[in-house]
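For reference, the chains in residue letters:
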Amino acid sequence: TWFTLCVRKRQVGEPPLENGWIPFLGVALEFRQNPLEFLRSKQRKYGDSFTCKIAGNFFTFIMDPFSYSAVFRQGKNLDFQTFAIETSRKVFGHADFNDPIYNRNYKEIHALFRQTLQGPALHNLTSSMMENLQTVMLRNKTSEWTTEGLQSFSFRIMFEAGFRTLFGREEKPSEMENIEPTMDNFNVFDRAFPEIAAGFPIYLLKKAYTAREALTERLQHKYLKKNHGLSALIERRMNLFDQMPYLDELGKARTHTAMLWASQANTLPATFWSLYYMLRSPEALKVAQTEVERVIQESNQKLDKMKKTVVLSKEQLDSMSALGSIIDEALRLSSASIMIRVATENFVLNMDSGKNVSIRKGDRIAMFPQMIHMDPEIYENPTEFKFNRFLDENGQKKTFFYKNQRKLKNFLLPFGSGVSECPGRFFAVNEIKQFLALVVFYYDMELKDPATPVDIDCSRAGLGILPPKHDVLFRYKLKDCISE
Ligand code: HEM
């Protein structure tokens, strides 16, 4: 019958196979409802690798963290870029950079990530972000307590500062464009992101489509070229795109919308969770305050009305290991990204256990690091926030974690790994650290209702950092010595 024709049969050497009951969807609904529980139950049934049909594609899940490296090493038979560009095109509507007419230049564009987001380039980004954060935070200098949603507070400050750090700003602060419409467009588009990435045509999601097009309009070169303080990343991308004869102006701008999304979509919820967990734990807040005071005092800066901005160098930020641990722990608790590779040939994957698994051409390999982040064998009481989980006995960054008494290489993967590892990861952690250091330095803060926990919204599982289900109120007030 038609149904049996659609159902794939497991072949010798292949992992156990689950076709699901619904011919095309396979197990998509079950998976989307609760990926963590779904994968745990399949792992109990099948062991460390199994194949599931999800929305027309076959995914082989690798569950054993010791076997992740085997996948990362398999450059020859596994492709990331083709699939990533396809997904990105669906969402942002940019050109097909897999097409040979763009591909040569795309390699150069891709190489820019590392050149402009890491190493020496990080110094400029860090100092620009530091200034932008303080411009936004100190715009309002009232000495009154203000009540606001914690999500709204952290999103609006990080969005504006992050946007201006990458895309620049008007020369005179008095002429600074109101960022709100851009932020609203970003939020509307981002909310629809899961549907669009899953294949739902954006043209049918009118609000999201309009928002995306408005962001793209805004990011055209004719506007960006007027800005001051453009990041090297955007400046050099603009130069390269200007040399690509097949791209029109909107085509170039669509790639900048993709960059805007990549730079903000995960950073915003990660900042929220870092601040939220820090405020919810009196111990974490105390340790953070002590660390910020130490670093600021060491560099002879103090709070006063005259001083324009606080400066924290990249080295000082690197030395703030308590804030680093708070951020890592918040990332561990909220990250739910999925790593996907596509098999370009039939091949055999050698698992860490010695088992060999046959993979078919066209199938996908998937890894879901939340399984590691929530593994009680690796992290005791994994659902609990422990501010010092990533600190060793000397208060330095802890780098040893174990499973089955074996040292684990891949224990914290909010930024992915291997060829798809996030090139912005150092900048991302830095900017969250800067944000935390500055709010601790400038404000007195308290959660309105610290006893009630905030639930995580799991509907975006697979896409990165999960947002909170709803906002929480908190109040803040500029410290007396700085308010006007
Ligand atoms: C890719 C996470 C912040 C730029 C990725 C990927 C992950 C990730 C998991 C891989 C996606 C995949 O496998 O398909 C995060 C998290 C962040 C963050 C958790 C914040 C907490 C940033 C920032 C930037 C950035 C601030 C830039 C300023 C990028 C870019 C890619 C990427 C350009 C695509 C790389 C490629 O195509 O090879 N990010 N990211 N990210 N991220 Fe980030």
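What comes next is a walk through the structure. (Residues numbered from 1 in each chain as written. Predicted model: local features only at pLDDT ≥ 70, side-chain atom pairs only at ≥ 80, totals over all residues. Heavy atoms only, no water.)

Scanning the protein from N- to C-terminus turns up 19 helices and 15 strands. Radius of gyration (C-alpha) of the protein: 23 Å, near the 23 Å computed for a compact globule of 484 residues. Counting only C-alpha atoms and orienting by the principal axes, one finds that the protein spans roughly 75 × 55 × 40 Å. A total of 484 residues make up the protein; the buried ones form 55% of that total. Counting contacts in the protein only where the partners sit at least 6 residues apart, residues at least 24 apart contribute 74% of the total. Surface accessibility of the protein: about 22800 Å² in total, with carbon and sulfur atoms responsible for 52%. Averaging the positions of the 64 positive and the 57 negative side-chain charges in the protein gives two centres separated by 4 Å. (Helix = DSSP H or I, 4+ residues; strand = E, 2+ residues; numbered from the N terminus. Rg over C-alpha atoms; globule rule 2.2 N^0.38 Å. Buried < 20%, exposed > 50% of the residue type's maximum accessible area, 1.4 Å probe, protein only. Contact = heavy atoms within 4.5 Å. Areas by Shrake-Rupley, 256 points an atom, 1.4 Å probe, with all protein chains shown as cover. Lys, Arg positive; Asp, Glu negative; His and termini not counted. Charge placed at Lys NZ, Arg CZ, Asp CG, Glu CD.)

What follows concerns the coordination of the iron atom of the ligand. Donation to the iron atom of the ligand from the protein comes from one atom only, Cys422 (SG), at 2.3 Å. Structurally, Cys422 can be placed in the loop between β12 (406-407) and α19 (425-442). (Donors = N, O, S within 2.8 Å, 3.2 Å for Na, K, Ca; no water.)

Take a nonpolar patch on the surface next. A grouping of Trp21, Ile22 and Leu29 is seen on the molecular surface, where their side chains present a nonpolar patch of about 410 Å² in accessible area. Structurally, Ile22 can be placed in the loop between β1 (17-18) and α2 (28-33). You can call Ile22 partly exposed: its relative accessible area is 36%. (Patch = residues over 30% accessible without salt bridge, like charges linked within 9 Å, V, L, I, M, F, W, Y side chains within 5 Å. Salt bridge = Lys/Arg side-chain N within 4 Å of Asp/Glu carboxyl O.)

Moving on to the nonpolar core. If you look at the biggest cluster of nonpolar residues, it comprises 114 residues, and the most contacted ones within it are Phe61, Leu275, Phe435 and Tyr442. If we ignore the near neighbours within four places in the chain, the residues touching Leu275 are Leu150, Phe153, Phe435, Leu436, Val439 and Met445. In this structure, Ala343, Met367, Ile378 and Phe411 belong to the second largest nonpolar core, which totals 25 residues. (Core = buried A, V, L, I, M, F, W, Y, C linked by side-chain atoms within 4.5 Å.)

Okay, the site of the ligand next. In the vicinity of the ligand there are 20 residues, among which His110, Ala262, Phe415, Ser420 and Cys422 approach most closely. Residue His110 places a side-chain N or O atom 2.7 Å away from an oxygen atom belonging to the ligand. In this structure, Ser420 approaches the ligand through a side-chain N or O atom, which is 3.5 Å from an oxygen atom. Broken down by secondary-structure element, the contributors of at least two residues to the shell around the ligand are α6 (100-117), α13 (249-264), α14 (267-280) and α19. In the shell around the ligand, the residues fall into twelve nonpolar, seven polar and one charged. (Near = heavy atom within 4 Å. Polar contact = N/O pair within 3.5 Å; in protein donor to acceptor, adjacent residues only side chain to side chain. Nonpolar A, V, L, I, M, F, W, Y, C, P; charged D, E, K, R; others polar.)

Further remarks concern the side chain of Gln151. Residue position: Gln151 is located in helix α8 (residues 150-167). Apart from the residues lying within four places of it in its own chain, the contact partners of Gln151 are Phe272, Pro468 and Asp471.

Of the two faces of strand β13 (residues 443-447), only the one carrying Tyr443, Met445 and Leu447 is buried; Asp444 and Glu446 on the other face are not. As paired elements, β13 and strand β15 (residues 473-478) share five bridges and run antiparallel to each other. When the sheet's bridge partners are listed, Asp444 is paired in β15 with Lys477. (Pairing = 2+ DSSP bridges.)

For the coordinates displayed, the defined rule picks out 37 aromatic pairs. Judged by centre distance (5.3 Å) and plane angle (50 degrees), the rings of Phe159 and Phe186 are tilted. Of the two residues, Phe159 is situated in helix α8 and Phe186 in helix α9 (residues 180-197); the sequence distance between them amounts to 27 residues. Its relative accessible area of 0% is what places Phe159 among the buried residues. Between the aromatic rings of Tyr277 and Phe385, the centroid separation amounts to 4.8 Å while the plane-to-plane angle is 5 degrees, which identifies the pairing as stacked. On the criterion of sequence distance, the pair formed by Tyr277 in helix α14 and Phe385 in the loop between α18 (370-373) and β11 (402-403) is long-range, its members being 108 residues apart. Look at Tyr277 and you get buried, because its relative accessible area is 11%. Geometry around Phe58 places Arg8 over its ring, the cationic atom sitting 4.0 Å from the centre. (Phe/Tyr/Trp six-rings, centres within 6.5 Å; stacked < 30°, edge-to-face > 60°. Lys NZ or Arg CZ within 6 Å of the ring centre and 35° of its normal.)

The next point concerns α13. Each turn of an α-helix holds 3.6 residues, which means side chains three or four residues apart point in the same direction. The terminal C-alpha atoms of α13, which comprises 16 residues, lie 23 Å apart, in line with the 22 Å expected from a rise of 1.5 Å per residue. Most of α13 is tucked away: 13 of the 16 residues are buried. (Expected span 1.5 Å × (residues − 1).)

Let's shift gears to the sheet that holds strand β7 (residues 339-343). Taken in spatial order, the six strands line up as β1-β2-β3-β10-β7-β4 in an open sheet, and their pairing is mixed. Strands at the two margins of the open sheet, each flanked by one partner only, are β1 and β4 (78-79). Here strand β2 (residues 49-54) runs beside strand β3 (residues 57-62); their pairing, made up of six bridges, is antiparallel. Note that in β3 the partner of Phe50 across the bridge is Phe61. The strands touched by helix α3 (residues 35-46) are β1, β2 and β3; relative to β2, the strand with the most contacts, the crossing angle is about 130 degrees. (Axes fitted to C-alpha atoms, helices over the stretch in contact; angles between N-to-C directions.)

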